[in-house]
Amino acid sequence: MRIGIIGGGASGMMLAAQVNNKDITIIERNNKLGKKLLLTGNGKCNFTNLNFNDLNNKYNNDFAINIYHQFDNISFIDFFNNIGVVSKVETHKGINYIYPNSNKASSVYYCLLDRINNNGVDVIYNSLVKNVKYIDEKFCIALDDDRNLVFDKLVLATGGKSYGNTGSDGIGYSIAKKLGHTIITPTPGLTSLKYNFSDNVELKLNGKCRVNAKVSYNSYKDNVFFEEYGEIQFNDNTISGIPILNLSNKITRKLINSEAVHITIDFSSSLLYNYEQQLISKEIVKSTLNSRRQNTLYRNVRDFLCGYLPDEINEVVLKLSNLKKIRVSELTDDDIDKLTNHIVKFNLTISEPPNFDNAQITLGGVNTEEIDVNTLESKIIKGLYFSGEVIDIDGICGGYNLQLAYSTASIIAKVFKE
Ligand SMILES: Cc1cc2nc3c(=O)[nH]c(=O)nc-3n(C[C@H](O)[C@H](O)[C@H](O)COP(=O)(O)OP(=O)(O)OC[C@H]3O[C@@H](n4cnc5c(N)ncnc54)[C@H](O)[C@@H]3O)c2cc1C
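Every value quoted in this text rests on a predicted model; they were computed, and no experiment measured them.

## With respect to the overall build of the protein chain
Point 1. Helix and strand counts for the protein chain come out as 10 helices and 20 strands.
Point 2. C-alpha atoms of the protein chain, sized along the principal axes, occupy 85 × 40 × 35 Å.
Point 3. Sequence separation of 24 or more characterises 70% of the internal contacts of the protein chain that already satisfy a separation of 6 or more.
Point 4. Carbon and sulfur atoms make up 45% of the accessible area of the protein chain, which totals about 18600 Å².
Point 5. For the protein chain, the separation between the mean place of its 45 positive charges and that of its 46 negative charges on side chains is 3 Å.

Structure follows, in C-alpha coordinates:
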(Lines give C-alpha, C1' and ligand atoms only; values in the text may rest on other atoms or scores of the structure.)
Protein backbone atom coordinates (compact mmCIF):
# COMPACT_ATOMS: atom_id res chain seq x y z
CA MET A 1 0.00 0.00 0.00
CA ARG A 2 1.60 3.28 -1.12
CA ILE A 3 1.08 6.29 1.17
CA GLY A 4 1.80 9.84 0.01
CA ILE A 5 2.28 12.79 2.37
CA ILE A 6 2.05 16.18 0.69
CA GLY A 7 4.12 18.59 2.80
CA GLY A 8 7.15 17.89 4.95
CA GLY A 9 6.57 20.52 7.63
CA ALA A 10 6.18 19.91 11.36
CA SER A 11 3.19 17.63 10.88
CA GLY A 12 4.35 15.70 7.80
CA MET A 13 7.73 15.08 9.45
CA MET A 14 6.14 13.88 12.69
CA LEU A 15 3.93 11.46 10.77
CA ALA A 16 6.78 10.00 8.71
CA ALA A 17 8.94 9.75 11.84
CA GLN A 18 6.37 7.50 13.51
CA VAL A 19 5.60 5.01 10.77
CA ASN A 20 8.21 2.45 9.86
CA ASN A 21 7.00 1.86 6.33
CA LYS A 22 9.13 1.97 3.21
CA ASP A 23 6.06 2.65 1.10
CA ILE A 24 5.72 6.17 2.47
CA THR A 25 6.71 9.13 0.31
CA ILE A 26 6.88 12.76 1.43
CA ILE A 27 6.55 15.32 -1.36
CA GLU A 28 7.99 18.67 -0.32
CA ARG A 29 8.24 21.74 -2.52
CA ASN A 30 11.32 23.11 -0.70
CA ASN A 31 14.85 21.76 -0.87
CA LYS A 32 14.60 20.81 2.80
CA LEU A 33 11.91 19.70 5.24
CA GLY A 34 10.59 21.70 8.20
CA LYS A 35 11.44 25.22 7.01
CA LYS A 36 8.77 26.80 9.24
CA LEU A 37 9.55 24.46 12.13
CA LEU A 38 13.10 25.87 12.18
CA LEU A 39 11.71 29.40 12.70
CA THR A 40 9.46 28.52 15.62
CA GLY A 41 9.88 30.16 19.01
CA ASN A 42 12.52 32.51 17.56
CA GLY A 43 14.57 29.46 16.58
CA LYS A 44 14.16 27.91 20.07
CA CYS A 45 10.93 26.03 19.22
CA ASN A 46 8.32 26.35 21.93
CA PHE A 47 6.85 22.95 21.11
CA THR A 48 4.24 22.44 23.82
CA ASN A 49 3.12 23.66 27.23
CA LEU A 50 2.25 22.31 30.64
CA ASN A 51 -0.83 24.54 30.98
CA PHE A 52 -3.59 22.58 29.31
CA ASN A 53 -6.43 23.52 31.64
CA ASP A 54 -9.30 25.65 30.34
CA LEU A 55 -8.93 24.30 26.79
CA ASN A 56 -11.85 26.33 25.42
CA ASN A 57 -9.62 29.37 25.77
CA LYS A 58 -6.61 27.64 24.20
CA TYR A 59 -8.19 26.07 21.11
CA ASN A 60 -10.77 27.30 18.59
CA ASN A 61 -13.14 24.33 18.58
CA ASP A 62 -14.06 20.98 20.18
CA PHE A 63 -12.40 19.14 17.31
CA ALA A 64 -9.02 20.65 18.27
CA ILE A 65 -9.60 19.81 21.95
CA ASN A 66 -10.48 16.22 21.07
CA ILE A 67 -7.30 15.92 18.98
CA TYR A 68 -5.22 17.22 21.87
CA HIS A 69 -6.72 14.61 24.23
CA GLN A 70 -5.82 11.78 21.83
CA PHE A 71 -2.12 12.75 21.93
CA ASP A 72 -1.51 15.16 24.79
CA ASN A 73 1.49 17.17 25.97
CA ILE A 74 2.85 14.32 28.08
CA SER A 75 2.68 11.87 25.12
CA PHE A 76 4.39 14.58 23.13
CA ILE A 77 7.21 15.13 25.65
CA ASP A 78 7.70 11.33 25.95
CA PHE A 79 7.82 10.89 22.18
CA PHE A 80 10.50 13.53 21.77
CA ASN A 81 12.45 12.24 24.74
CA ASN A 82 12.49 8.80 23.05
CA ILE A 83 13.90 10.23 19.84
CA GLY A 84 16.55 12.19 21.71
CA VAL A 85 15.01 15.63 22.34
CA VAL A 86 15.02 16.37 26.06
CA SER A 87 12.49 19.01 27.13
CA LYS A 88 12.80 21.87 29.59
CA VAL A 89 10.23 24.17 31.16
CA GLU A 90 10.45 27.94 31.00
CA THR A 91 7.94 29.70 33.22
CA HIS A 92 6.86 33.23 32.39
CA LYS A 93 3.98 34.95 34.14
CA GLY A 94 2.63 31.64 35.42
CA ILE A 95 2.69 29.84 32.04
CA ASN A 96 4.93 26.79 31.68
CA TYR A 97 6.33 26.78 28.15
CA ILE A 98 8.15 23.65 26.95
CA TYR A 99 11.28 23.96 24.80
CA PRO A 100 13.97 21.52 23.75
CA ASN A 101 16.70 21.69 26.38
CA SER A 102 19.14 22.55 23.58
CA ASN A 103 17.15 25.78 23.00
CA LYS A 104 17.24 24.95 19.32
CA ALA A 105 14.45 24.14 16.86
CA SER A 106 17.17 22.50 14.76
CA SER A 107 17.55 19.69 17.31
CA VAL A 108 13.84 18.86 16.94
CA TYR A 109 14.30 18.98 13.17
CA TYR A 110 17.41 16.71 13.16
CA CYS A 111 15.94 14.11 15.51
CA LEU A 112 12.76 13.88 13.38
CA LEU A 113 14.80 13.72 10.18
CA ASP A 114 16.97 10.98 11.63
CA ARG A 115 13.82 8.93 12.37
CA ILE A 116 12.43 9.58 8.89
CA ASN A 117 15.66 8.37 7.27
CA ASN A 118 15.81 5.39 9.60
CA ASN A 119 12.23 4.46 8.65
CA GLY A 120 13.29 4.36 5.00
CA VAL A 121 10.79 7.03 3.99
CA ASP A 122 11.27 8.33 0.46
CA VAL A 123 11.46 12.15 0.33
CA ILE A 124 10.94 13.96 -2.97
CA TYR A 125 12.32 17.50 -2.59
CA ASN A 126 11.79 20.58 -4.76
CA SER A 127 8.47 19.25 -6.02
CA LEU A 128 5.25 21.17 -5.82
CA VAL A 129 2.04 19.18 -5.95
CA LYS A 130 -0.14 21.10 -8.37
CA ASN A 131 -3.17 18.90 -8.48
CA VAL A 132 -4.66 15.71 -7.05
CA LYS A 133 -7.31 13.58 -8.71
CA TYR A 134 -9.15 10.69 -7.11
CA ILE A 135 -9.63 8.01 -9.75
CA ASP A 136 -10.64 4.37 -9.12
CA GLU A 137 -9.93 4.70 -5.38
CA LYS A 138 -6.37 5.91 -6.08
CA PHE A 139 -4.81 9.36 -5.69
CA CYS A 140 -3.14 10.63 -8.86
CA ILE A 141 -0.71 13.42 -8.07
CA ALA A 142 0.50 15.92 -10.67
CA LEU A 143 3.85 17.56 -9.84
CA ASP A 144 5.08 20.85 -11.24
CA ASP A 145 7.79 19.08 -13.28
CA ASP A 146 5.01 17.16 -15.10
CA ARG A 147 5.70 13.92 -13.26
CA ASN A 148 2.70 11.93 -12.03
CA LEU A 149 2.59 9.74 -8.92
CA VAL A 150 -0.10 7.34 -7.71
CA PHE A 151 -0.90 6.51 -4.07
CA ASP A 152 -3.45 4.34 -2.28
CA LYS A 153 -3.69 6.72 0.66
CA LEU A 154 -2.90 10.40 0.78
CA VAL A 155 -2.21 12.82 3.65
CA LEU A 156 -2.57 16.56 3.07
CA ALA A 157 -0.06 18.15 5.47
CA THR A 158 0.37 21.33 3.48
CA GLY A 159 0.08 23.77 6.40
CA GLY A 160 -1.69 27.13 6.30
CA LYS A 161 -1.04 30.34 4.44
CA SER A 162 1.13 32.40 6.76
CA TYR A 163 4.86 33.04 6.18
CA GLY A 164 4.26 31.86 2.58
CA ASN A 165 7.99 31.91 1.85
CA THR A 166 8.35 28.82 4.04
CA GLY A 167 6.32 26.88 1.46
CA SER A 168 2.88 26.93 3.03
CA ASP A 169 1.05 29.45 0.88
CA GLY A 170 -2.48 28.06 0.92
CA ILE A 171 -2.26 25.76 -2.10
CA GLY A 172 -3.34 22.85 0.13
CA TYR A 173 -6.75 24.51 0.52
CA SER A 174 -7.25 24.53 -3.26
CA ILE A 175 -6.29 20.86 -3.45
CA ALA A 176 -8.75 19.96 -0.67
CA LYS A 177 -11.47 22.05 -2.31
CA LYS A 178 -11.02 20.32 -5.67
CA LEU A 179 -11.38 17.00 -3.84
CA GLY A 180 -14.81 18.13 -2.59
CA HIS A 181 -14.04 19.67 0.81
CA THR A 182 -15.30 23.01 2.05
CA ILE A 183 -12.78 25.50 3.36
CA ILE A 184 -13.50 27.85 6.24
CA THR A 185 -12.07 31.13 4.93
CA PRO A 186 -8.39 31.35 5.89
CA THR A 187 -7.44 34.50 7.84
CA PRO A 188 -4.18 35.51 9.56
CA GLY A 189 -3.79 34.47 13.22
CA LEU A 190 -1.29 35.22 15.99
CA THR A 191 -0.22 38.44 14.38
CA SER A 192 0.78 41.99 15.26
CA LEU A 193 -1.85 44.70 14.71
CA LYS A 194 -1.86 48.27 13.46
CA TYR A 195 -3.47 50.73 15.88
CA ASN A 196 -4.59 54.33 16.43
CA PHE A 197 -5.23 56.08 19.72
CA SER A 198 -9.03 56.11 19.97
CA ASP A 199 -9.08 59.32 21.97
CA ASN A 200 -6.89 61.23 19.50
CA VAL A 201 -6.34 59.54 16.15
CA GLU A 202 -3.74 62.13 15.13
CA LEU A 203 -1.48 61.23 18.04
CA LYS A 204 1.57 59.04 17.33
CA LEU A 205 3.81 57.17 19.72
CA ASN A 206 7.27 58.67 19.59
CA GLY A 207 9.51 55.56 19.37
CA LYS A 208 9.28 51.92 20.43
CA CYS A 209 8.83 50.42 23.87
CA ARG A 210 7.88 47.32 25.81
CA VAL A 211 5.63 47.38 28.83
CA ASN A 212 3.64 44.90 30.89
CA ALA A 213 -0.07 45.58 30.82
CA LYS A 214 -3.50 44.01 30.71
CA VAL A 215 -5.25 43.97 27.33
CA SER A 216 -9.06 43.79 27.25
CA TYR A 217 -11.57 43.44 24.49
CA ASN A 218 -15.26 42.76 25.03
CA SER A 219 -17.91 42.18 22.43
CA TYR A 220 -21.28 41.23 23.85
CA LYS A 221 -22.59 40.86 20.29
CA ASP A 222 -20.02 38.14 19.47
CA ASN A 223 -19.86 36.78 23.01
CA VAL A 224 -16.11 37.46 23.20
CA PHE A 225 -14.60 38.55 26.51
CA PHE A 226 -10.86 38.75 26.23
CA GLU A 227 -8.51 39.76 29.01
CA GLU A 228 -4.81 38.91 29.17
CA TYR A 229 -1.84 40.26 31.03
CA GLY A 230 1.67 40.22 29.58
CA GLU A 231 4.35 42.15 27.77
CA ILE A 232 3.16 44.43 25.00
CA GLN A 233 5.50 45.83 22.38
CA PHE A 234 4.67 49.18 20.86
CA ASN A 235 6.39 49.65 17.52
CA ASP A 236 5.60 52.86 15.64
CA ASN A 237 2.01 52.16 14.54
CA THR A 238 1.87 48.43 15.37
CA ILE A 239 1.51 46.51 18.61
CA SER A 240 2.56 42.96 19.32
CA GLY A 241 3.49 40.73 22.26
CA ILE A 242 1.76 37.55 23.40
CA PRO A 243 -1.52 39.15 24.64
CA ILE A 244 -1.88 41.00 21.33
CA LEU A 245 -1.10 37.92 19.21
CA ASN A 246 -3.70 35.96 21.16
CA LEU A 247 -6.20 38.80 20.82
CA SER A 248 -5.63 38.84 17.05
CA ASN A 249 -7.16 35.32 16.81
CA LYS A 250 -10.41 36.76 18.19
CA ILE A 251 -10.63 39.84 15.98
CA THR A 252 -9.04 39.33 12.54
CA ARG A 253 -12.30 38.12 11.00
CA LYS A 254 -14.02 41.30 12.17
CA LEU A 255 -11.21 43.45 10.76
CA ILE A 256 -11.40 41.65 7.43
CA ASN A 257 -15.12 42.44 7.39
CA SER A 258 -14.17 46.13 7.78
CA GLU A 259 -15.36 46.35 11.39
CA ALA A 260 -13.11 48.44 13.66
CA VAL A 261 -12.25 46.94 17.05
CA HIS A 262 -11.75 48.96 20.23
CA ILE A 263 -9.42 47.57 22.85
CA THR A 264 -8.31 48.83 26.24
CA ILE A 265 -4.89 48.63 27.80
CA ASP A 266 -4.51 48.92 31.54
CA PHE A 267 -0.97 49.87 32.57
CA SER A 268 -1.70 49.81 36.28
CA SER A 269 -0.85 46.13 36.53
CA SER A 270 2.69 46.83 35.31
CA LEU A 271 3.22 49.00 38.36
CA LEU A 272 3.32 45.98 40.64
CA TYR A 273 6.18 43.66 41.32
CA ASN A 274 4.02 40.56 41.21
CA TYR A 275 1.82 40.02 38.18
CA GLU A 276 -0.59 37.91 40.24
CA GLN A 277 -1.67 41.02 42.07
CA GLN A 278 -2.79 42.55 38.82
CA LEU A 279 -6.15 43.59 40.23
CA ILE A 280 -4.70 46.87 41.36
CA SER A 281 -7.50 49.37 41.62
CA LYS A 282 -7.81 52.70 39.94
CA GLU A 283 -7.81 54.21 43.44
CA ILE A 284 -4.31 52.91 44.08
CA VAL A 285 -3.02 54.46 40.84
CA LYS A 286 -4.69 57.72 41.84
CA SER A 287 -3.21 57.73 45.33
CA THR A 288 0.24 56.89 43.86
CA LEU A 289 -0.05 59.84 41.50
CA ASN A 290 -1.15 62.05 44.38
CA SER A 291 1.86 61.19 46.52
CA ARG A 292 4.05 61.57 43.44
CA ARG A 293 2.60 65.05 43.03
CA GLN A 294 3.60 65.90 46.62
CA ASN A 295 7.13 64.61 46.08
CA THR A 296 7.78 66.31 42.74
CA LEU A 297 6.15 69.71 43.13
CA TYR A 298 9.26 71.34 41.64
CA ARG A 299 9.07 69.30 38.41
CA ASN A 300 7.84 70.36 35.04
CA VAL A 301 4.52 68.62 34.23
CA ARG A 302 6.23 67.21 31.13
CA ASP A 303 8.40 65.13 33.48
CA PHE A 304 5.72 64.28 36.04
CA LEU A 305 5.44 60.63 34.97
CA CYS A 306 9.16 60.13 34.29
CA GLY A 307 10.17 56.78 35.78
CA TYR A 308 6.57 55.61 36.15
CA LEU A 309 5.89 54.04 32.74
CA PRO A 310 8.10 54.03 29.61
CA ASP A 311 8.74 57.61 28.43
CA GLU A 312 6.94 56.98 25.13
CA ILE A 313 3.75 55.97 26.97
CA ASN A 314 4.08 58.80 29.51
CA GLU A 315 4.23 61.30 26.69
CA VAL A 316 0.99 59.98 25.16
CA VAL A 317 -0.79 59.81 28.55
CA LEU A 318 0.12 63.46 29.18
CA LYS A 319 -1.02 64.53 25.72
CA LEU A 320 -4.30 62.62 26.01
CA SER A 321 -4.91 64.25 29.40
CA ASN A 322 -4.50 67.62 27.73
CA LEU A 323 -2.96 69.32 30.78
CA LYS A 324 -2.52 73.06 30.41
CA LYS A 325 -0.26 73.50 33.46
CA ILE A 326 3.49 73.91 33.43
CA ARG A 327 4.56 72.95 36.95
CA VAL A 328 3.55 69.86 38.91
CA SER A 329 2.60 72.15 41.80
CA GLU A 330 -0.22 73.51 39.61
CA LEU A 331 -1.83 70.10 38.97
CA THR A 332 -5.37 69.82 40.34
CA ASP A 333 -7.26 66.75 41.57
CA ASP A 334 -9.12 66.83 38.28
CA ASP A 335 -5.80 66.60 36.39
CA ILE A 336 -4.80 63.60 38.51
CA ASP A 337 -8.15 61.98 37.66
CA LYS A 338 -7.54 62.48 33.95
CA LEU A 339 -4.05 60.98 34.15
CA THR A 340 -5.33 58.04 36.18
CA ASN A 341 -8.07 57.35 33.64
CA HIS A 342 -5.64 57.24 30.75
CA ILE A 343 -3.26 54.94 32.65
CA VAL A 344 -5.95 52.39 33.49
CA LYS A 345 -7.94 52.85 30.29
CA PHE A 346 -5.61 53.49 27.38
CA ASN A 347 -7.95 53.10 24.42
CA LEU A 348 -6.76 51.87 21.05
CA THR A 349 -8.66 51.32 17.83
CA ILE A 350 -7.66 48.58 15.42
CA SER A 351 -9.15 48.97 11.99
CA GLU A 352 -6.68 47.62 9.45
CA PRO A 353 -6.89 43.89 8.65
CA PRO A 354 -3.55 42.11 9.15
CA ASN A 355 -1.88 40.22 6.31
CA PHE A 356 -0.43 36.72 6.22
CA ASP A 357 3.21 37.88 6.02
CA ASN A 358 3.56 38.52 9.75
CA ALA A 359 1.02 35.98 10.99
CA GLN A 360 2.37 32.93 12.79
CA ILE A 361 -0.64 30.80 11.93
CA THR A 362 -3.72 30.63 9.71
CA LEU A 363 -7.21 30.53 11.17
CA GLY A 364 -9.74 28.58 9.11
CA GLY A 365 -8.99 25.69 6.75
CA VAL A 366 -10.57 22.35 5.91
CA ASN A 367 -13.98 22.13 7.59
CA THR A 368 -13.71 19.82 10.61
CA GLU A 369 -17.27 18.55 10.07
CA GLU A 370 -15.98 16.71 7.02
CA ILE A 371 -13.18 14.89 8.90
CA ASP A 372 -13.42 11.89 11.25
CA VAL A 373 -11.89 13.14 14.50
CA ASN A 374 -10.65 9.67 15.53
CA THR A 375 -8.71 8.91 12.36
CA LEU A 376 -8.50 12.29 10.56
CA GLU A 377 -9.77 10.56 7.44
CA SER A 378 -11.98 12.55 5.09
CA LYS A 379 -15.68 11.75 5.38
CA ILE A 380 -15.93 12.57 1.67
CA ILE A 381 -13.06 10.59 0.14
CA LYS A 382 -11.89 7.30 1.60
CA GLY A 383 -8.12 7.11 2.08
CA LEU A 384 -7.65 10.90 2.24
CA TYR A 385 -6.31 12.28 5.55
CA PHE A 386 -5.58 15.77 6.88
CA SER A 387 -2.76 16.63 9.26
CA GLY A 388 -1.75 19.91 10.92
CA GLU A 389 -2.62 23.49 10.15
CA VAL A 390 -4.45 22.74 6.87
CA ILE A 391 -7.41 21.77 9.09
CA ASP A 392 -9.62 24.46 10.65
CA ILE A 393 -7.94 24.11 14.06
CA ASP A 394 -5.80 26.66 15.83
CA GLY A 395 -4.47 27.58 19.22
CA ILE A 396 -3.06 30.50 21.15
CA CYS A 397 0.65 31.32 21.53
CA GLY A 398 2.73 29.04 23.72
CA GLY A 399 3.37 25.75 21.88
CA TYR A 400 -0.33 25.00 21.35
CA ASN A 401 -0.06 24.99 17.55
CA LEU A 402 2.92 22.66 17.21
CA GLN A 403 1.16 20.41 19.70
CA LEU A 404 -1.80 20.26 17.26
CA ALA A 405 0.48 19.61 14.28
CA TYR A 406 2.08 16.69 16.18
CA SER A 407 -1.17 15.38 17.70
CA THR A 408 -2.87 15.19 14.29
CA ALA A 409 0.19 13.43 12.82
CA SER A 410 0.23 10.94 15.69
CA ILE A 411 -3.45 10.07 15.25
CA ILE A 412 -2.86 9.27 11.56
CA ALA A 413 0.37 7.39 12.36
CA LYS A 414 -1.64 5.14 14.69
CA VAL A 415 -4.09 4.36 11.85
CA PHE A 416 -1.24 3.50 9.47
CA LYS A 417 0.48 1.30 12.06
CA GLU A 418 -2.68 -0.77 12.69
C1 LIG B 1 7.65 32.65 12.84
C2 LIG B 1 6.81 31.53 13.41
C3 LIG B 1 7.03 31.11 14.71
C4 LIG B 1 6.23 30.09 15.24
N5 LIG B 1 6.50 29.66 16.52
C6 LIG B 1 5.75 28.69 17.06
C7 LIG B 1 6.04 28.19 18.36
O8 LIG B 1 7.04 28.58 19.00
N9 LIG B 1 5.21 27.23 18.87
C10 LIG B 1 4.14 26.73 18.17
O11 LIG B 1 3.42 25.88 18.70
N12 LIG B 1 3.88 27.14 16.90
C13 LIG B 1 4.66 28.09 16.33
N14 LIG B 1 4.41 28.50 15.05
C15 LIG B 1 3.31 27.82 14.28
C16 LIG B 1 3.83 26.47 13.73
O17 LIG B 1 5.06 26.66 13.06
C18 LIG B 1 2.82 25.86 12.76
O19 LIG B 1 1.59 25.74 13.42
C20 LIG B 1 3.28 24.49 12.26
O21 LIG B 1 4.48 24.62 11.54
C22 LIG B 1 2.22 23.84 11.36
O23 LIG B 1 2.75 22.64 10.89
P24 LIG B 1 2.22 22.00 9.51
O25 LIG B 1 3.05 20.81 9.26
O26 LIG B 1 0.76 21.85 9.54
O27 LIG B 1 2.55 23.11 8.41
P28 LIG B 1 3.96 23.66 7.92
O29 LIG B 1 4.97 23.56 8.99
O30 LIG B 1 3.68 25.00 7.35
O31 LIG B 1 4.38 22.65 6.77
C32 LIG B 1 3.71 22.54 5.54
C33 LIG B 1 4.69 22.03 4.51
O34 LIG B 1 4.00 21.69 3.32
C35 LIG B 1 4.76 22.09 2.19
N36 LIG B 1 3.82 22.27 1.07
C37 LIG B 1 2.71 23.05 1.05
N38 LIG B 1 2.04 22.91 -0.09
C39 LIG B 1 2.74 22.00 -0.84
C40 LIG B 1 2.53 21.43 -2.11
N41 LIG B 1 1.47 21.75 -2.86
N42 LIG B 1 3.46 20.56 -2.58
C43 LIG B 1 4.53 20.21 -1.83
N44 LIG B 1 4.77 20.71 -0.60
C45 LIG B 1 3.88 21.59 -0.09
C46 LIG B 1 5.42 23.39 2.64
O47 LIG B 1 6.57 23.68 1.89
C48 LIG B 1 5.74 23.07 4.11
O49 LIG B 1 7.02 22.52 4.25
C50 LIG B 1 5.19 29.49 14.48
C51 LIG B 1 5.00 29.93 13.16
C52 LIG B 1 5.79 30.93 12.63
C53 LIG B 1 5.56 31.38 11.20
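## What to know about the side chain of Lys-153
Point 1. Along the chain, the position of Lys-153 falls in strand E10 (residues 153-156).
Point 2. Each residue touching Lys-153, except ones within four places of it in the same chain, is listed here: Met-1, Arg-2, Ile-3, Gly-4, Phe-139, Gly-383, Tyr-385 and Phe-416.

## Structural notes on the pattern of salt bridges
Point 1. Across all of its chains, the model carries 15 salt bridges by this definition.
Point 2. Lys-44 is the partner of Glu-90 in a salt bridge, and the nearest nitrogen-oxygen pair spans 3.3 Å. Here Glu-90, found in strand E4 (residues 87-92), pairs with Lys-44, found in the loop between strand E2 (24-27) and strand E3 (48-49); they are 46 residues apart in sequence, far enough to count as distant.
Point 3. Here Glu-90 falls in the buried class, since its relative accessible area comes to 16%.

## A closer look at the packing of helix H7 (residues 282-295) against helix H9 (residues 333-344)
Point 1. Remark: H7 packs on H9, axes separated minimally by 9 Å, with the N-to-C direction vectors making an angle of 130°. Relative to H9, the element H7 lies oblique. The handedness of the crossing between H7 and H9 comes out as right-handed. On the side of H7, the interface is formed by Lys-282, Val-285, Lys-286, Leu-289, Asn-290 and Arg-293, while H9 contributes Asp-333, Ile-336, Asp-337, Leu-339, Thr-340, Asn-341, Ile-343 and Val-344.
Point 2. Split into classes, the residues belonging to the contact of H7 with H9 amount to 6 nonpolar, 3 polar and 5 charged.

## Describing H7
Point 1. Helix length check: H7 (14 residues) gives 20 Å between terminal C-alpha atoms against 20 Å at 1.5 Å per residue, within 8%.
Point 2. Looking at H7, one finds that the buried residues are Val-285, Leu-289, Arg-292 and Arg-293. One face of H7 carries all of its buried residues, which in axial projection span an arc of 105°. Structural note: H7 exposes Glu-283, Gln-294 and Asn-295 on the side pointing more than 90 degrees away from its buried face.

About the criteria used
Residues numbered from 1 in each chain as written. Predicted model: local features only at pLDDT ≥ 70, side-chain atom pairs only at ≥ 80, totals over all residues. Heavy atoms only, no water. Helix = DSSP H or I, 4+ residues; strand = E, 2+ residues; numbered from the N terminus. Contact = heavy atoms within 4.5 Å. Areas by Shrake-Rupley, 256 points an atom, 1.4 Å probe, with all protein chains shown as cover. Lys, Arg positive; Asp, Glu negative; His and termini not counted. Charge placed at Lys NZ, Arg CZ, Asp CG, Glu CD. Salt bridge = Lys/Arg side-chain N within 4 Å of Asp/Glu carboxyl O. Buried < 20%, exposed > 50% of the residue type's maximum accessible area, 1.4 Å probe, protein only. Axes fitted to C-alpha atoms, helices over the stretch in contact; angles between N-to-C directions. Parallel < 35°, antiparallel > 145°, perpendicular 65-115°, else oblique. Left-handed = near helix turned anticlockwise from the far one by under 90°. Nonpolar A, V, L, I, M, F, W, Y, C, P; charged D, E, K, R; others polar. Expected span 1.5 Å × (residues − 1). Arc of directions from axis to C-beta.

Everything listed here is a matter of geometry and, on its own, says nothing about what the molecule does.
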